[in-house]
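A closer look at the structure
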Amino acid sequence: MDKPNGIHYIELANNFIRFDAASQLTKVFFDDTNKQIFAVRSGGATGVVVKGPAEDAVITFCMSDRGGDIHSIKFSPDNQILAVQRVENAVEFVCFQGDQPQLQDIITHQVKTLIYGFVWVHNRELALISNTGVEVFQILPEKRQVRSVKALSISIKWFAWSGDANVALLCTTEGNTLVPVLVKQKVITKLPKVNLGNPAREVEESKVTLGRVYGVLAVFILQSNSTTGMMEVEVHLLNGPGLAPQKCHVLRLSLVGRFAINTVDNLIVVHHQATATSLLFDIALTGELIDDVTYHAPITPGRSIKPFGLKLPSLLPDGHIMQCELYSTNWVLFQPNIVIDAKLGCMWYLNLCIEPLCNLISDRLRLTEFLLQRSSGKQMQLKVVQQLMDEQYKGTLLPVLETIFDKINKIYAYANHSPSSLDTHFPYVSLISSWVHLTLQNQTALPSNVKSPTNKQATPPIVLIEQSDMVQVFQSIAERPHMETVLMLYLQSLNKYNIAAQEELSKMIISELIRNRSFDTLRRLVSYSMLLESKPIACFLLSHSDVNSAISQVAIDMLGKMQAYEIIIEVMLGQGRVIDALRLAKNSLGTDKVQARKFLEAAYKSQDDLIFHSVYRFFQMRNLRMYETLNFPKAEQCTEFIQHYNNTFPADNAVKLPKS
């Protein structure tokens, strides 16, 4: 494996939390549901400091040392009840008023089982997980009572908990099976077990991690490959019928030793202590498919977490910077992206450094698939497209650009259409974003007493690149020789997914085609409705009609498709095409709605006596049909044109002027 050489794609966030380091007097605990870290001094007698999840969230109080070391300590979600376990068969509940404990009202709940741990599922409900099962209790502070509301009897060796999903993974004593259990307020629902093969192999607690990827709860199981001896991670997704776990992916680590797992921005991060490196996996990317299971290699060779300097108190003006030991034996990792060094007294969040990572992925298509799934991937994806277009133009880049446009617009199309129209057969194809997967989960059949853990309404795509974004990118190659080709590729991609070109893009394409004098292409685009058909676009075309007469005809064709006949008539009159305009007005508006003065004035300005005579006689016939006379109604204000006709064509029967 490559050693780090200055490029790091994972870092410890600067907004870390400092707390009292673990020592003989201070014990440190972490609640992975509320993301709170507890520093307990002298059993709480000399102080308890609670920090997290935000850096400035701090609760400080004292409580009496009731004997026995604290095994676990957690606040209720509203921080108003503190649960403390000191012995293996009892939990104490300390009620708070504000941020101070009411020590005179401690409630002690004792059971006859061996308590492995407890989790809060509601402000006043807590689940005890013991060797005999799971039981939900309701705490009633005003009555100083603890009441059982739901129980599940099952023999348990150990358990793992996901606070984000309210799911406990129970390892049973019978058959070493792993059973997910959904635990909510007054609800315990046993889900289908994890398939560990036949016969079921024994799984150690340290080899199992619960996490979320792409909105779906996953069970990560570290195991050795029976052939190579190298370690792998099985990914069981709880996305089958009734949230049944399904082995969908295997991550090939190609290493042995100690590992720990985080998830960052829907990436699975596998840390390897011996080499001090972290491997990144994206299960949305394609891999090797074997027996309906996708096998993945790391996105890039493993790299170390970015070095982190911790500022220590010092007399020096700039302080003293201590480089933290990465992958320390004191590190404890929690989901999704938390690293705690209890000895150092620091709690960090892991962040993804997306730009250095992009430099390590040379395949532009795979990089596009990767970026479209990252929360911070939009600007980098636009940068990738711009770099492709900025490079020395080569025809070989066209297929790459075309495919990238298709990948972008596939998501763009879905974001502008009803989710019901989506292809629901492949929940993890590389281009489908998380909102599509949420839609799929909502369609999954669940037990009657289980609600889907996802939202009813699908969330927006992780990365949505719209036409306005692409127009800004295209502006960087304005007036370059290959701009027209690139614009045509993008327009064809939009058309492939039935996406209408918007005004800004349509104007850019029109301008480029006119600049290149590609009038036939422009005519075909309008003919096939590939550009936005609107009056502003037609007017934009007309504003360039002085370049070539074909442009004005293209504009008229577009207006005709919109049935904007009155505008077409005005354009024709402005071009001196009086007879054509009159013919269109007669066919589209009707003879009785045609204004005589407008057409007579245009015919007069043409200085063509034949045109004027034809238009004049047309309206005379109209008058005869409508008014049974050749004379013009006074309201049409045609006196000057009647005089001009009589003066120009004296041989015709003179028409009397309307009486004043």
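None of the values given here were measured: they were computed from a predicted structure. Here the residue index of a chain counts from 1 through its sequence in written order. The predicted nature of this model means local features are confined to residues of pLDDT at least 70 and side-chain atom pairs, given and counted, to a pLDDT of 80 or more, with totals for whole chains, interfaces and linings taken over all residues. Note that the side-chain values use all heavy atoms of the structure and ignore hydrogens as well as water.

Topic: the packing of aromatic side chains
Rules: By convention, a stacked pair of Phe, Tyr or Trp rings (six-membered ring in the case of Trp) has centres within 6.5 Å and planes under 30 degrees apart, an edge-to-face pair has planes over 60 apart, and any other such pair is tilted. Strands here are runs of E lasting at least two residues and helices are runs of H or I lasting at least four, both read from the DSSP assignment and numbered beginning at the N terminus. Buried residues are those whose accessible area, probed at 1.4 Å on protein chains only, stays under 20% of the maximum for their type, while exposed residues exceed 50% and partly exposed ones sit between those limits. Two thresholds decide whether a charge sits over a ring: the Lys NZ or Arg CZ must be within 6 Å of the ring centre and within 35 degrees of the ring normal.
Using the criterion set out here, one finds 21 aromatic pairs in the structure. Between tryptophan 331 and tryptophan 348 the ring centres are 6.2 Å apart and the planes differ by 50°, which places this aromatic pair in the tilted class. Linking tryptophan 331 in strand S31 (residues 331-334) with tryptophan 348 in strand S33 (residues 346-352), this pair joins segments that are 17 residues apart in sequence. The same class applies to tryptophan 331 as to tryptophan 348, namely buried. Above the face of the phenylalanine 118 ring, lysine 74 is positioned so that its terminal group lies 5.3 Å from the ring centre.

Some remarks on the sheet that holds strand S12 (residues 115-122)
Note the cut-off: Strand pairing follows a simple DSSP-based rule, namely that at least 2 bridges must link the two strands. Comment: axis = line fitted to C-alpha atoms, over the contacting stretch for helices; angle = value between 0 and 180 degrees taken between N-to-C directions.
Taken together, the 4 strands give an open sheet; going across it, the order is S12-S13-S14-S15, and neighbouring strands pair in antiparallel fashion. Two strands in the sheet have a free side with no partner beyond their single neighbour: S12 and strand S15 (145-153). Along the sheet, successive strands turn relative to each other by an average axial angle of 25°, direction set aside. For strand S13 (residues 125-130) and strand S14 (residues 133-140), the ladder comprises 6 bridges, and the chain directions are antiparallel. Bridge pairing links leucine 126 to phenylalanine 137 in S14.

With respect to the pattern of salt bridges
Inclusion rule: Think of a salt bridge as a Lys or Arg side-chain nitrogen and an Asp or Glu carboxyl oxygen that are within 4 Å of each other.
Applying the stated rule across the entire model yields 23 salt bridges. A salt bridge links lysine 507 to glutamate 503; the shortest N-O distance between them is 3.1 Å. Here lysine 507 pairs with glutamate 503, and both are found in helix H8 (residues 503-515), just 4 residues apart, close to one helical turn. With a closest N to O distance of 3.2 Å, glutamate 640 and arginine 597 form a salt bridge. Linking glutamate 640 in helix H16 (residues 639-648) with arginine 597 in helix H14 (residues 596-605), this pair joins segments that are 43 residues apart in sequence. For glutamate 640, a relative accessible area of 42% translates into the label partly exposed. Relative accessible area serves as the criterion here: at 27%, arginine 597 is assigned to the partly exposed category. Here the salt bridges do not stand alone but share partners, grouping Arg201, Glu234 and Lys247 into one network.

Quick look at the confidence of the model for the chain
As a reminder of what qualifies: What pLDDT conveys is the predictor's confidence in a given residue, as a value from 0 to 100. Only heavy atoms enter the contact rule, under which two residues are in contact if any of them lie within 4.5 Å.
In the predicted model, the chain carries a mean pLDDT of 86, and 89% of its residues have values of at least 70. Residue range residues 418-456 is modelled with pLDDT below 50. Its contacts to residues more than four positions away, or to other chains, number 79 contacts.

Focus: the nonpolar core
Defined as follows: Definition of nonpolar core: a set of buried residues of the types Ala, Val, Leu, Ile, Met, Phe, Trp, Tyr and Cys, connected through side-chain atoms within 4.5 Å.
Counting residues in hydrophobic clusters, the biggest one holds 81 residues, and the most contacted among them are Phe474, Phe599 and Leu600. Apart from residues no more than four positions distant in its own chain, phenylalanine 474 is found in contact with Met389, Phe405, Met483, Val486, Leu487, Tyr490, Leu505 and Met508. In this structure, Tyr9, Cys324, Tyr327 and Phe370 belong to the second largest nonpolar core, which totals 29 residues.

A few points about the sheet that holds strand S24 (residues 259-264)
The 3 strands lie next to each other as S24-S25-S26, forming an open sheet whose pairing is antiparallel. On the outer flanks of this sheet lie S24 and strand S26 (277-281), each paired with one strand and no other. Across this sheet, the average inter-strand angle for adjacent strands is 25°, counted without regard to direction. Pairing of strand S25 (residues 267-272) with S26, which is carried by 5 bridges, proceeds in the antiparallel orientation. Pairing of valine 270 across the sheet is with leucine 279, part of S26.

Digging into the packing of helix H9 (residues 519-527) against helix H11 (residues 549-561)
Filter applied, for reference: For classification, angles of less than 35 degrees are called roughly parallel, those exceeding 145 degrees roughly antiparallel, those between 65 and 115 degrees roughly perpendicular, and all remaining angles oblique.
Following both chains from N to C, one finds H9 and H11 inclined at 5°, their axes separated by 10 Å at the closest point. Accordingly, the angle class assigned to the pair H9 and H11 is roughly parallel. Between H9 and H11, the residues in contact are Phe519, Leu522, Arg523, Val526 and Ser527 and Ala550, Ile551, Val554, Met558 and Lys561, respectively.

Some remarks on the environment of asparagine 176
Following the sequence through the fold, asparagine 176 ends up in the loop between strand S17 (167-172) and strand S18 (178-184). It is 9.7 Å that separates the C-alpha atoms of asparagine 176 and glutamate 204, two residues lying 28 residues apart in sequence. Those residues within four positions of asparagine 176 in sequence are excluded, and the remaining contacts are Lys157, Leu196, Arg201 and Glu202.

Some details on helix H7 (residues 483-496)
Stated formally: Multiplying 1.5 Å by the residue count of a helix minus one yields the expected span of that helix.
An ideal rise of 1.5 Å per residue puts 20 Å on 14 residues; H7 measures up with 20 Å between its terminal C-alpha atoms. For H7, the set of buried residues is Met483, Glu484, Val486, Leu487, Met488, Leu489, Tyr490, Leu491, Ser493 and Leu494. Against the buried residues of H7 lie helix H3 (377-390), helix H4 (397-415), helix H6 (467-474), H8 and H9. Just beyond H7, the residue with positive phi is asparagine 498, at close to 55°.

Overview of the pairing of strand S8 (residues 81-87)
Along S8, 6 of the 7 residues are buried, which leaves the element largely enclosed by surrounding structure. Pairing of strand S7 (residues 72-75) with S8, which is carried by 4 bridges, proceeds in the antiparallel orientation. Note on S8: the bridge partner recorded for phenylalanine 75 is leucine 82. Connecting the antiparallel pair S7 and S8 is a turn made up of 5 residues, with asparagine 79 showing a positive phi of about 60°. By the bridge criterion, 5 bridges tie S8 to strand S9 (residues 90-97) in an arrangement that is antiparallel. Directly across from isoleucine 81, in S9, lies its bridge partner cysteine 95. Here S8 folds back onto S9, and the loop between the two strands holds 2 residues.

Quick word on helix H12 (residues 565-574)
Ile568, Ile569, Val571, Met572 and Leu573 are the residues of H12 that are buried. Structurally, H12 contributes buried residues whose contacts are with helix H10 (535-542), H11, helix H13 (578-588) and H14. In the stretch just after H12, glycine 576 is the one whose phi turns positive, near 80°.

With respect to the state of the cysteines
Rules: The disulfide definition used here is simple: a pair of cysteine sulfur atoms within 2.5 Å.
Following the criterion strictly, the structure yields 0 disulfides and no others. Residue cysteine 324 stays outside any disulfide, its sulfur separated by 5.6 Å from that of cysteine 346, the closest cysteine. Using a relative accessible area of 8% as the deciding quantity, one classes cysteine 324 as buried.

Details of the side chain of glutamate 232
How we decide: We score Asp and Glu as negative and Lys and Arg as positive, and we do not count His or the chain ends. Side-chain atoms alone can form a polar contact between residues adjacent in sequence; in general such a contact is a pair of N or O atoms within 3.5 Å, and within protein one must be able to donate a hydrogen while the other accepts it.
Mapped onto the elements of the fold, glutamate 232 is located in strand S22 (residues 231-238). No salt bridge is formed by the buried glutamate 232. Its closest oppositely charged neighbour is arginine 252, at 4.5 Å. Among the polar contacts made by the side chain of glutamate 232, one reaches the side chain of asparagine 225 at a distance of 2.7 Å. When neighbours within four sequence positions are excluded, glutamate 232 is seen to be in contact with Ile221, Leu222, Gln223, Asn225, Val250, Leu251, Arg252 and Leu253.

Regarding the packing of helix H2 (residues 364-371) against H3
To be explicit about the condition: In this scheme the crossing of two helices becomes right-handed for a clockwise turn of the near helix relative to the far one and left-handed for an anticlockwise turn of less than a right angle. When residues are sorted by character, Ala, Val, Leu, Ile, Met, Phe, Trp, Tyr, Cys and Pro go into the nonpolar class, Asp, Glu, Lys and Arg into the charged class, and all the rest, Gly among them, into the polar class.
In contact at an axis separation of 9 Å, H2 and H3 are set at 160° when each is read in the N-to-C sense. Classified by the angle their axes make, H2 and H3 are roughly antiparallel. Remark: the crossing between H2 and H3 carries left-handed chirality. Two secondary-structure elements touch here, H2 through Arg364, Leu367, Thr368 and Leu371 and H3 through Gly377, Met380, Gln381, Val384 and Leu388. Of the residues belonging to the contact of H2 with H3, the class tally is 5 nonpolar, 3 polar and 1 charged.

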